[in-house]
Structure formats: C-alpha cells, structure tokens
Amino acid sequence: MSWIREGELNLLERFSANVLKAGPMPKHVAFIMDGNRRFARKKNMECLKGHMQGFNKLAETLRWCKHLNIREVTVYAFSIENFKRTKEEVDGLMELARQKFVKLLEERENLKKHGVCIRVLGDLNMLPLDLQQLIAKSVLTTKSHNQCFLNVCFSYTSRYEITNAVREMAWGVEEGLLKASDVSESLLNECLYSNNSPNPDLLIRTSGEVRLSDFLLWQSSHSCIVFQSVLWPEYSFWNLCEAILRYQLNYKSIQKARDLHREQQTLMQLESDCACVADLLQNHGNGKPVDAQRRQEALQHYISCREERIQDFLQALKHKRDSYFSDLWREDA
Ligand code: FPP
Ligand code: MG
C-alpha cells in the first residue's frame, strides 16, 4: 500500500466537502491514530495486521485532507512509551516502518509530482540504524517539496521534545551564542522538532480514549481537540467531516484565545527587553540619570542585537540538525 492514494471524492463526499469549505477550514490537522490493536482483536487478526490497516487508513485520510485543502497533517505513529510494548510488537512496528519508508523512496517521483514533504519528528537515535538511515533519506529527498506536509511523530513524546528544546537553548548559552535572558517562549517554540510548522488547528484522537498521551502538548494549547470513539482503522470521511464541523463551531473562541496569547507574548518580550536595558544602563551609566530618548535608543539597539543573536543561534541549530540527517545518508551510501 502506497503513501499516496489517487482518486476523487464521490458525489456526496464532494458536495459535503464544498459545504464545509464555505466555512473556516483547519489548515493543519493532527491525529492520534488509536485503536489498531482493538480493531485487530475485533476482526480476529494478529495485532500487527491492525497496525498495517492503520497505515492504510493514514494514506486514505491524507487523500481526504488533500480534497479538503488541508495542507498539513501530523500523526502520532510511534511514541517513546511504545518501546515498552512486547518485543514482537515493537519489532513488527519497526519492520512496518522500514517497509513504508522503502516504499516512500520508490514513490519519490509521485511525491514530487504532488509536492509532498515528509518530516519525521522524534529522537531517531532510539531507532535501529538502518531505519534511521531510511528516514534520513526520505526526509532529505522530499525536503524541498512544498505543496503539502506530513509530519510523522516517530520515537516521540511531547515532554521529551520540550526537554530537548530546553537542552538546545542551554547548549546555545554554553556556546556563547545566546544570553540566558534570550530564553523565551517563542525561542523554545523554535527549538522544538515541530519548528517548521504552524500549530495544529484541530487535533483528533480516535478510539474513545480521552487523553493526549504526551502528544503535541506545547503545540495544542489553542487547538480544537476532538475525541472520537471510532477505532482508527475504521475512520471514515464522515468522521473527519464531523471533527471539522466541531472545529468550525469553536472557531471564533479559538481565534480569540490565539490573538490574546499573541498580544501577551509581545508584551512579555517587551517587558523582558526593557528590564535587560534598565540593568545595562544601571551598570554602565555610573548611576547617572538617563533621558527618555537615550533609553529608547538603547532599547532599539538591544532588540536588534538580541534578534541577530537569536537568528545566528537558530542557524547553528539548523546546521546541527541538517548535518545529523546528511551524515546518516552519507554513512549509508
Ligand atoms: C495506536 O493503536 C497505534 C500505534 C501505536 C501505531 C500507529 C502506527 C501506524 C498507524 C502505522 C504508521 C506507520 C508509519 C510508517 C507512518 P494501539 O496500538 O494503541 O491500539 P489499541 O489502543 O487498540 O491498543
Ligand atoms: Mg492505544
């Protein structure tokens, strides 16, 4: 089964999609694809067959998303917690991932034609080396595509991602690239694995479980979260429409909360910059009073230096991450 499913929507689906598209549509949808094993049990199949059906459902869901103009999708494919499952299941999931990334590389021309960029978010070091290499190849091969984006969270948990982002900032301070006072919510955001994506507008969990299981905790604070009782391999176009409808019903309050948060963040950054400048003037001004104009000039200067510092740090971080992927590819060649 391939990653890209061709095919149009049927007449009724097309009609419903057009009705939904008359309202505000989510641009980025995230899925916790839960219920594969319960589905397998229900159908008297081996557990791994449930995961295979789960992958097929992912491909089908991506096709629906494309028709609904949803250009970005993020999925929870393998949590760090999942390493605690039986060896047989973990090995089976690794093998399934191997097969799918091999398939992805075989389909590279089709992915190029559709402009699909695949990103893998998580700590790849925890995976078998050959799988790391396949993932690195897949990510680098589709890196420049920009029509739609699929983020596969693999060997991922949100707490691990946030801890890693904090470590990256600590590294930046240690290397002298950042000042401790540069650490902020927006900088942490840039250090997450998800730094290339906007936050999800809609987060869907299937199977009836009503928790986030350490998935996109940081990114989903202003997302519409929809829990649906259907098992993932049985997910339908109509389930997706229902979730989008719930997003549309909550759209106004979500936007309001997002705008408020953005304003608060800008204000907090300004307060932090002002405090840093006040300290500097205090320490270097020999206690002399400073007039408003000099204070304003010092603030502008401080802000532009901080922004430059942060850009240089993010560039260094990007270089570190890009090298990790290209080294993996080179080792494999
Ligand atoms: C959760 O259902 C599902 C998973 C842990 C694995 C999901 C993986 C896929 C759908 C395949 C994706 C593969 C790639 C390469 C993208 P569960 O196992 O927790 O089922 P349960 O809740 O019924 O026990
Ligand atoms: Mg589960």
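## Looking at the overall build of the chain
The secondary structure content of the chain amounts to ten helices and six strands. Its C-alpha atoms give the chain principal-axis dimensions of roughly 80 × 50 × 35 Å. Put simply, the chain has 333 residues, and 47% of those count as buried. Considering only intrachain contacts with a sequence separation of at least 6, the fraction spanning at least 24 residues in the chain is 80%. Element-wise, carbon and sulfur atoms account for 53% of the exposed surface of the chain, whose accessible area totals about 17,600 Å².

## Quick look at the pairing of strand S6 (residues 224-227)
Taking every second residue as pointing to the same face, the buried face of S6 carries Cys-224 and Val-226, while none of Ile-225 and Phe-227 on the other face is buried. As judged from the four bridges shared by strand S5 (residues 202-205) and S6, these two strands associate in the parallel manner. Opposite Arg-205, over in S6, you have Phe-227 as the bridge partner.

## Observations regarding the site of ligand 1
Within the structure, ligand 1 sits among 16 residues, and Asp-34, Arg-37, Arg-38, His-51 and Arg-85 are positioned closest to it. The separation between an oxygen atom of ligand 1 and a polar main-chain atom of Asn-36 is 3.2 Å. Arg-37 is positioned with one of its side-chain polar atoms (N or O) 2.8 Å from an oxygen atom of ligand 1. When the free accessible area of ligand 1 is taken as 630 Å², the share hidden by the protein chains comes to 94%. Ranked by residues supplied to the shell around ligand 1, first place goes to helix H3 (residues 47-67) with four residues. Residue composition of the shell around ligand 1, grouped by class: six nonpolar, five polar and five charged.

## What about the packing of helix H1 (residues 11-21) against helix H9 (residues 237-284)?
Viewed as axis vectors pointing N to C, H1 and H9 meet at an angle of 10 degrees, and their least axial separation amounts to 11 Å. In terms of orientation, H1 lies roughly parallel with respect to H9. Contact with H1, carried on its side by Leu-12, Glu-13, Ser-16, Ala-17 and Leu-20, involves Phe-237, Trp-238, Cys-241, Ile-244, Leu-245 and Gln-248 of H9 and no other residues of that element. Counted by class, the contact of H1 with H9 contains eight nonpolar, two polar and one charged residues.

## Looking at the pattern of salt bridges
Two side chains that carry opposite charge are able to pair once their charged atoms sit near each other. The full count for this structure, using the stated rule, is 24 salt bridges. The residue Arg-246 makes a salt bridge to Glu-242 at a minimum N-O spacing of 3.2 Å. Here Arg-246 and its partner Glu-242 are both found in helix H9, four residues apart, which amounts to about one turn of the helix. Using a relative accessible area of 35% as the deciding quantity, one classes Glu-242 as partly exposed. For Arg-262, the salt bridge is made with Asp-259, and the minimal N-O distance between the two is 3.3 Å.

## Here's the deal with the environment of Gln-293
In this fold, Gln-293 is placed in helix H10 (residues 292-332). Gln-293 gets classed as exposed once you look at its relative accessible area, which sits at 57%. Remark: the alpha-carbon pair of Gln-293 and Cys-274, spanning 19 residues in sequence, is separated by 14 Å.

## Some details on the side chain of His-114
With respect to the helices and strands, the residue His-114 is situated in helix H5 (residues 108-114). What makes His-114 buried here is its relative accessible area of 17%. Beyond its immediate stretch of four places on either side in the chain, His-114 contacts Ile-4, Glu-6, Lys-66, Gln-147 and Cys-148.

## Examining a nonpolar patch on the surface
Residues Leu-12, Phe-15, Val-19 and Trp-238 make up a contiguous nonpolar surface patch of roughly 440 Å² in combined accessible area. Among the elements that line the nonpolar patch, the one with the most residues is H1, at three residues. Tracing the backbone through its elements, the reader meets Val-19 in helix H1.

## Quick look at unusual backbone geometry
Of note in the backbone geometry, Asn-44 takes a positive phi value of approximately 55 degrees without being a glycine. One non-glycine residue, Asn-69, lies in positive phi territory at about 60 degrees. A relative accessible area of 52% means that Asn-69 is categorised as exposed.

## As for the pairing of strand S1 (residues 28-32)
Most of S1 sits inside the fold, with five of its five residues counted as buried. Judged by which residues are buried, S1 turns out to be covered on both faces: His-28, Ala-30 and Ile-32 on one side and Val-29 and Phe-31 on the other are all buried. Strand direction decides the pairing type here: S1 and strand S2 (residues 72-79), joined by five bridges, are parallel. In the strand pairing of S2, Ile-32 is matched with Tyr-76.

## Observations regarding the state of the cysteines
For the coordinates displayed, the defined rule picks out zero disulfides. Cys-153 supplies the cysteine sulfur nearest to Cys-191, a cysteine that is in no disulfide, at a spacing of 17 Å.

What counts and what doesn't
- Residues numbered from 1 in each chain as written.
- Chains lettered and ligands numbered in written order.
- Predicted model: local features only at pLDDT ≥ 70, side-chain atom pairs only at ≥ 80, totals over all residues.
- Heavy atoms only, no water.
- Helix = DSSP H or I, 4+ residues; strand = E, 2+ residues; numbered from the N terminus.
- Buried < 20%, exposed > 50% of the residue type's maximum accessible area, 1.4 Å probe, protein only.
- Contact = heavy atoms within 4.5 Å.
- Areas by Shrake-Rupley, 256 points an atom, 1.4 Å probe, with all protein chains shown as cover.
- Pairing = 2+ DSSP bridges.
- Near = heavy atom within 4 Å.
- Polar contact = N/O pair within 3.5 Å; in protein donor to acceptor, adjacent residues only side chain to side chain.
- Nonpolar A, V, L, I, M, F, W, Y, C, P; charged D, E, K, R; others polar.
- Axes fitted to C-alpha atoms, helices over the stretch in contact; angles between N-to-C directions.
- Parallel < 35°, antiparallel > 145°, perpendicular 65-115°, else oblique.
- Salt bridge = Lys/Arg side-chain N within 4 Å of Asp/Glu carboxyl O.
- Patch = residues over 30% accessible without salt bridge, like charges linked within 9 Å, V, L, I, M, F, W, Y side chains within 5 Å.
- Disulfide = S-S within 2.5 Å.

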